[in-house]
Structures are given as C-alpha cells and as structure tokens.
Amino acid sequence: MEYSSDTANARIDFVSESCVRVAIYKNKQQLLPTFCINPKGYFSENGRARLSTADFELCSPKINTGGGKHCFELPCGVKIELYTENFLLKYYKGENLLFSDRKPLAYNFENEFGSGSFHYVSRAAGERIFGLGDKSGAIDKSGRAFRIETTDCMGYNAAQSDPLYKHIPFYICENSVGAYGIFYDTSDAAYVDLGCEINNYYEPYKYFKTEDNCLVYYVFFGTKLSVLQQFCAICGRQPLPPEWSFDYCASTMAYTDAPESQKKMHDFSELLKEHDLSCGGFYLSSGYTSIGSRRYVFNWNTDKFPNPKAFISDFAAMGIEIIPNIKPAFLVDHPLYSYISKNGWFIKNADGSPFITEFWDGLGSYLDFTNGAAFDFWKSMVTKKLLDYGITATWNDNNEFDIKDSGAVAAGFNSKQVSAQRIRPVFTYLMVAASYRAQIEKRPEIRPFLSSRSGSIAIRRFAQTWSGDNRTEFSDLRCCHNIGLTMSLSGLYFYGHDLGGFSGPKPSRELLLRWLQHGIFEPRFTIHSWNSDGSATMPWTYRDILPAVRKLFAKRKQLVPYIYSCAYNAVQNEIPMNAPLFLYYDDEELYSSTDSMLLGTDILAAFVFDSGVNKASVFLPRGTQWHLNGRVYQGGQTIELNIAPAGDMPYFVRAGCVLPTDESPYGFKSQKKIVFTVYPPAAGEFESEFFCDDGKSFRYLENICVKLKFKVLCTGAKVSVSFKNYGQMPFEPELRLCPGDGRQLEITPWAN
C-alpha cells in the first residue's frame, strides 16, 4: 500500500503473515541499499535495494476502508489500523491495543522535529524490552536510552558504557497484551530512547532517531521467540562453525607482543601436553605484525616468528588452528600504504586524498571496501599472507570504522559516491565478507571460521563475535553475562567473552574459575588477556587451582557433542544457543531470575557472579521437570545450588530429552566417544534430535551426516526408546538411562 503527500511518501509492505515493513521517505530521494536484509543469503558487494520485496513470503491481508482509516487484518490475527491523517498506525491483538504510533505526530514528515528521521511509538506501563545488540547493563533495556553506532571501547564499563561494538537497531517489546519486535533498517548512526524522555503533551512514548534521509522499519508479531526467529530469517542464515571452534581456544596479547613470540607459542603447546589439556584454536593477537612498537596488518615480524609457515604447520599437526588478527586500517608508514593510496583504495577526503585518522598508536587510513578493487586487494592479501601459509581462519578486529567526519567519502554502490560516516557498519560487513570469500575460494571444501568484533546483524551470515575488551572485574562477569544474552536476543547466536577478563590486573583465582564456570556453557570458550602486569591469563596461571581448571575444561569437552548439535539447530531453525528462560516460559519469576541461562533448550545452568559467594539460585518454570545429580526437581520452585569456585559445576537437564555427551577420557589428544543419556519424565512420550558430521566440510548439506531422531515412551516400569538416522553417515548410538532412574531401559524398533 502506497501513500503520498506533496513532499513525502509512505509505503506498507506485507512481508509475511506476521510481519510488515513501513517506509517513510521524501520525494525523489535516493535510498542507500541495505546489507542487513537478505533472506536467502545471496552475496552482493552492492547490497540490496532497501524497498525490495524479493524472497519475502508476501501476504495479502484483508482490507477495509472508511472513516479516514484503512484496516488490515493479518493471517496471524493482528489487526492494523492506519489513520490517513498524519499517517498513524495502531496494532491490535484481538481487541486489545498492542502498541501504536504516538499521536498526533509520529514521523518527521516536514522537519517538525528538526533534521533526521524519527519514529515515536507508545510505551505501555510495565513493558519489557530486549535486544539492541551488545548493550550494557541489565537484560531488560526499558527505561534506558542508547546510541546505535560502533566504537572501539577498550576496557568499557559493562554496566553502563554506551555505545559498544555493534550496530543493531532491533528490539523485542513485551507488554500485558503480547510481544512485538521492531527492526530499523539503517546503517546511519542512530539513537533510541526506551522511556527516559517524557513530555507533558504526549502519552508515554519511546522513540528512534537516525540521521538517515528515510525511515524503513519492520514490525514482527508473535511470541518473543517467534519475533526473534522472524527477524533472523529475513537477515539471512548463520553458517555452521567447524566443530574445533567449540573446544577451548586460547589467546593473549602477551605472547605476540613478546620479542620471541614463536618460542612463547612453542612453550604454550608444550604446557598443553604437560597438563594434558585439549585445545582447538589459538587467536593470534596483532603483535605478530609489528614493526617496532606498532602494528602493520599483513606484515609477519620474522624476528618474532622466524618461520611462520613451520609454526602454523606445527600447530596444525597438533590439531590447533591459528586464528590471526587482521585490522582494516593501514598506518601511514605501512610498507603498503603508498601502493594502496596510488590505487585510490582508501576512504577519501573530498579532494581525493586518503582520509587519515587515529588508529592503534598512530595515524592511518581505512581501506574502502565499497571499492571493488580494494575488496579484491584485501582478499588477495588474506590469501597470500595468511591462507597460503596454512591458516584456515581469520580474526577480523578493530573494525568499527570510527569515522565521524562528514567530509570522508567512499566509492559507494553502483558507482555512486557516498558519505563514509553513513555506512560504517557496511564497511565492517564487507571486510568480513572479503575475508570469508578469500577463505572459501582458497579451500572450498572446508567451512571457514571467522570472528568479528564489530558489525551490524549482517555479520551473522559470515562470522561469530564476542563482547570485546572487557575488564578483569567481578562486576564485568555478571554484566557480560547480560551482554551475551542480549546479543543472543538480537540474533547473534555464536558469541562469547574473553574469559577471565581482557583489560586490567591479572584476574584472581576466584574470578578466573567463575569465568570458566560460565564460559563452558557458551558457544565461544576462549581465554584472552592483556593484563596490566604483562602476564598472560592461561589455564595454568595459578598452578594450585589447575586441577579445578582441568575439571572445567573436561566438562566443556564432554558437552561439545551437545553444543555442536545445538549449533546446527541454531543454523537450521533459529533456536538460540543461549537464552534466558523467559524466552520460552512465561513465569513472572523468570524476569528477576536472570543469573542463569539455557544452553540449547535442554541444559540449564545457574552462576555465581559475586566474590566470596558460593550459592546460586534459579527458578524452575512451572509445568517442567529437571534432572540434577540423580534427582528430579519439579518446576514452580526456586532451587539454591552450592557452587564453590574450585568445585564441580552442576547443571540441570530438562526431563524429556536425550542428551549426547563425549564420555572419552579427557586429554590433549582424546578420542571422541558419544554416549546418549535419556532424561525421562515420570510418564508420557517425547521426541529428541541429534546432529553430527565430519565437523569441517559442507558435506552435511548433501545429507552426509548423522541426523538422529529419538522417540521415547515412559511408563512406571520402563523407558522405551526407538531411533532412526535420517542422515547418510552410519551411526549406532550407545544409550543409557540417567542416574537415579530405576526403570528398565528398552530399545525398540522404529515405527513409522
């Protein structure tokens, strides 16, 4: 449906049975393309037309007109009323108002609110808001205000710093009527106020503002989970990470900043063997590129690493992938700076000279990834300087593209120059895309692994992420827990933290153990540090607690088969790897019981976030049952757990699942042995699924994998299990009944 006035246009697209897109734009305005919306995941260096309807499952609502309004009824049951005067929208669930545009004016049609694009909407009493990317503080963002842009916020305060690293203007709002989600499709810097501002002349409201020359936003209806899934679906699917990336991955600035980095890395590998610890990868910090005291991307410091290829080969032989740090800016004295400048591949000033800004202890220029030749240059350098050496992964870092100068320009899209400050998240996306394409072209049979610190929701199509340069403080532990779940509720399912903390003094024994207890339940399990005393936080940092650390590492390795199966479920079905309980259950108590989280849907862990405390509590949702240490706990109650820093890390398993774990002896070169434990309810039947493959190739897309489906029937005397493998990889599961259940376990033939 399209509407127009003398100066402005409005358009509503019915994207699906439970999603609409609204666009407000001036006459004859050119809209920048979108890189966030991409339902099929097709790659284009020029993005997608912002108002394209390609690949949407469009629907035709029931329409009634009259009385100065148009009424639309969506198949999901939501009714939309559009008042043509001032273009005001109201959304009803049944007969109840879910939310509405603020009257009498919600949009900036004729500069009523000054410059920029605005959207004012209603704010209900007691509403809760989740999302917006890596935002600080509590999980519920209502009552706060945030900037939507990216910044290199080294050592940020996880309770209140803003902005952080991500640009994701998406949130889920829940009130007494139901839930809805809004995604503002823009790459411009923006601001969102979720209840800070009040005005005597309006009912309570919240608002979004961007410097973009138009307003394009999507509204999703459904449960909190389905709203999140719909948002993720139109942004494009995540890639399935290789299995090794879910094992412990190490990192530290201290090793690559040291004069003899290669020896430090050799010593690290020897200590892994000495302490019999498993390791899947090592994030190689940027010190490997140094010339003097500064860092120069794609330069190997051969004083530190005399033989990079041999170093990488030695680690690969141990099953450890090297993940090198790469940065998108070149210092002005970089050996390649003059060459790039002559080719015109940097972001520029208006006069065509390279735009120069501060970057890592010097001055430098950002590569202009909207320039196709610069994009290809980056690919070639990733290939020649990293992939040709045997590397299979990249760590795309410091890619916030902190450009505020309105005079800086980029090549743009389809030969149309664009202001660089308007497309900062696009540069990040294209940087990661260039790295990904280099990796896939070099080794097309291997699934690439990439990590990116910054970006929009578009980076989910190529890379995982993490919460950035946190602090070695207990307060950051709890707040990073919240930041992680907030990223998950924003569509970034493959995330993690620098366990132990990155910036500050060496973490205490207690803090390190608490971080590890938390990290074993997240997708990214990585210790990374830049300790102020020059030390490196490692599993053996404190030899006296190494047995406790090793026990936690062993628990992580034990959970990898389940974690990897959850990763497949996240990719295929948009089920988050981690989530707060309230995403799936409606108990009011769950909103105040957020020191816990789900791993997949079957494991629930509660955590200790305060020094000197050994107890954690969690409210179990009503109508559920949970297994823990041979006991079954009924939902509807709060359970308190004793969790000592150096003790066992307990977790609940949901009754009604078959849980895969690796039961092989833990160690540096342990072999995988998957055992399936049935966690049954007292009575009834349920189904459970499991996925695995070779862990590294794309053959699972051809069904060369294991796709087990279990059917379980529970009675008072026995638990009967049947299973079928829908994949083409042969697999015979070993089954057992959970501890404490005295019934007989019976394996029965599969019945269609």
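Here is a short report on the structure shown in this document.

Rules used in this analysis
- Residues numbered from 1 in each chain as written.
- Predicted model: local features only at pLDDT ≥ 70, side-chain atom pairs only at ≥ 80, totals over all residues.
- Heavy atoms only, no water.
- Helix = DSSP H or I, 4+ residues; strand = E, 2+ residues; numbered from the N terminus.
- Rg over C-alpha atoms; globule rule 2.2 N^0.38 Å.
- Buried < 20%, exposed > 50% of the residue type's maximum accessible area, 1.4 Å probe, protein only.
- Lys, Arg positive; Asp, Glu negative; His and termini not counted.
- Charge placed at Lys NZ, Arg CZ, Asp CG, Glu CD.
- Axes fitted to C-alpha atoms, helices over the stretch in contact; angles between N-to-C directions.
- Parallel < 35°, antiparallel > 145°, perpendicular 65-115°, else oblique.
- Contact = heavy atoms within 4.5 Å.
- Nonpolar A, V, L, I, M, F, W, Y, C, P; charged D, E, K, R; others polar.
- Phe/Tyr/Trp six-rings, centres within 6.5 Å; stacked < 30°, edge-to-face > 60°.
- Lys NZ or Arg CZ within 6 Å of the ring centre and 35° of its normal.
- Core = buried A, V, L, I, M, F, W, Y, C linked by side-chain atoms within 4.5 Å.

## Points about the overall build of the protein chain
Scanning the protein chain from terminus to terminus reveals 10 helices and 47 strands. Taken over the C-alpha trace, the protein chain has a radius of gyration of 26 Å; the compact-globule value for 752 residues is 27 Å, and the two agree within 12%. Its C-alpha atoms put the protein chain at 75 × 70 × 50 Å along the principal axes. For the protein chain, with 752 residues in total, the buried portion stands at 63%. Averaging the positions of the 77 positive and the 82 negative side-chain charges in the protein chain gives two centres separated by 2 Å.

## Re the packing of helix α8 (residues 474-488) against helix α9 (residues 509-519)
Interaxial distance between α8 and α9 falls to 10 Å at its minimum, and their mutual angle equals 10°. Classified by the angle between their axes, α8 and α9 sit roughly parallel to one another. Facing α8, whose interface residues are F474, D476, L477, C480 and H481, α9 presents E510, L511, R514, W515 and H518. The class makeup of the residues in the contact of α8 with α9 is 5 nonpolar, 2 polar and 3 charged.

## Let's talk about the packing of aromatic side chains
With the rule as written, the count across this model stands at 83 aromatic pairs. Ring geometry for Y184 against Y217: centres 5.6 Å apart, planes inclined by 45°, an arrangement best described as tilted. Separated by 33 residues along the polypeptide, Y184 in strand β13 (residues 179-184) and Y217 in strand β16 (residues 214-222) bring together distant segments of the chain. Of note, R102 hangs over the ring of Y205, and the distance from its end group to the ring centre comes to 4.7 Å. Over the ring of Y283 we find R524; its NZ or CZ atom is 5.0 Å from the centre of that ring.

## A word on the nonpolar core
Among the nonpolar cores identified, the biggest contains 184 residues, and Y248, F268, F282, F330, W378, F521 and F652 are the most heavily contacted of them. Here this core gets 14 residues from one element, more than from any other, and that element is helix α10 (residues 546-573). In terms of nonpolar packing, the next biggest core, distinct from the first, is built from 41 residues, F14, F87, Y180 and Y184 among them.

Read these as layout, nothing more, since geometry by itself doesn't imply function.
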